Amino acid sequence: MDTKTYAKHIKDNLDIVTYSSMVTSLGNSLNSRKDRFDKSEIIEKSFELYSNGKFKHVDDIGRDHRDEENNIDLEFKFSENGLFTKVKKLPKKNVTVKLKNSLGKNKGITIDNPANFYVIGQQDSIAIISFADIEPYLIDEDDGISAKIPLDKLTFVFKPNEVSDKIKINEKLSYKQFKAEAILNYIKGFTSTKEDKKVRY
């Protein structure tokens, strides 16, 4: 499937307004080193949920989602304001994303068994690019492989002007609060009382 057709396929199956509302609501609350893994997982799982499972979250090496119907693997990369500027929503000239992390000294720009498409999202926009189209822009770095992609090489699923007037911020939903309460409730589950000195499992 060509990139333009697949971008339309994603748009036809993804609730772009709910995606944008949820990611915008997260804001910068999960940008610390400790919270970034949670943020990544929330956004990736939302891509599955808001597509009614069309893009299944698999979290495999080099791919985050699987489109079983079309036999296509997707790697999701999120970059806050990476596609368009925050206030004026002006398009960036280039989009830089990290495609591969290595534990030691990286050598070369070879990506074994790459995903079919790379999905690049920000809070109110998503674009895609095939591996064949991203390959000329790969960059060898000490700790992995990045890509510096000219914006005009991306195919957009949707842009900010398609959702900006529909985004609803839910300030009552705080992931960090939910997580803190969940951790506390879990710990309390192991707390014994005077009547019951045994630890409950």
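In this report, the structure presented in the accompanying data block is examined. (Residues numbered from 1 in each chain as written. Predicted model: local features only at pLDDT ≥ 70, side-chain atom pairs only at ≥ 80, totals over all residues. Heavy atoms only, no water.)

### Quick look at helix α3 (residues 36–49)
- Here α3 is 14 residues long and its end C-alpha atoms lie 20 Å apart, about the 20 Å a rise of 1.5 Å per residue gives.
- Every buried residue of α3 is accounted for by Asp38, Lys39, Ile43, Glu44, Ser46 and Phe47. (Helix = DSSP H or I, 4+ residues; strand = E, 2+ residues; numbered from the N terminus. Expected span 1.5 Å × (residues − 1). Buried < 20%, exposed > 50% of the residue type's maximum accessible area, 1.4 Å probe, protein only.)

### What about the nonpolar core?
- With 24 residues, the main nonpolar core has Tyr6, Ile10, Tyr19, Phe47, Leu74, Ile126 and Ile128 as its most contacted residues.
- Listed by contribution, the elements that provide at least two residues to this core are α1 (3–13), α2 (16–26), α3, β3 (72–78), β5 (117–122), β6 (125–130) and β9 (155–158).
- In terms of residue count, α2 provides more of this core than any other element does, five residues in total.
- Setting aside chain neighbours within four positions, we find Phe47 in contact with Ile10, Leu14, Phe55, His65, Leu74, Phe76, Val119 and Ile126.
- Within the second largest apolar cluster, 19 residues are counted, among which are Leu99, Ala115, Ala127 and Ile134. (Core = buried A, V, L, I, M, F, W, Y, C linked by side-chain atoms within 4.5 Å. Contact = heavy atoms within 4.5 Å.)

### A word on the sheet that holds strand β2 (residues 63–67)
- In spatial order, the strands read β1-β2-β3-β5-β6-β9; together these six strands make up an open sheet with mixed pairing. Each having just a single partner strand, β1 (56–60) and β9 make up the two edges of the open sheet. Neighbour-to-neighbour, the strand axes of this sheet turn through a mean angle of 30°, independent of strand direction.
- Taken together, the three bridges between β1 and β2 define a ladder with antiparallel strand orientation. If you follow Lys56 over to β2, its bridge partner there is Arg66.
- With respect to the sheet, α3 is in contact with β1, β2, β3, β5 and β6, its orientation differing from that of β3 by roughly 140°. (Pairing = 2+ DSSP bridges. Axes fitted to C-alpha atoms, helices over the stretch in contact; angles between N-to-C directions.)

### Describing the side chain of Gln123
- One can find Gln123 in the loop between β5 and β6.
- Among all residues touching Gln123, those that are not within four sequence positions of it are Tyr19, Ser20, Val23, Thr24, Phe78, Glu80, Asn81 and Lys89.

### Quick look at the pattern of salt bridges
- Across all of its chains, the model carries 14 salt bridges by this definition.
- The salt bridge involving Lys11 is made with Glu162; its shortest N-O contact spans 2.4 Å. Highlighted residues: Lys11 in helix α1 and Glu162 in the loop between β9 and α5 (175–188), separated in sequence by 151 residues.
- Judged by its relative accessible area of 33%, Lys11 is partly exposed.
- Between Lys179 and Asp38 there is a salt bridge; the shortest N-O distance is 2.6 Å. Of the two residues, Lys179 sits in helix α5 while Asp38 sits in helix α3, which places them 141 residues apart along the sequence. (Salt bridge = Lys/Arg side-chain N within 4 Å of Asp/Glu carboxyl O.)

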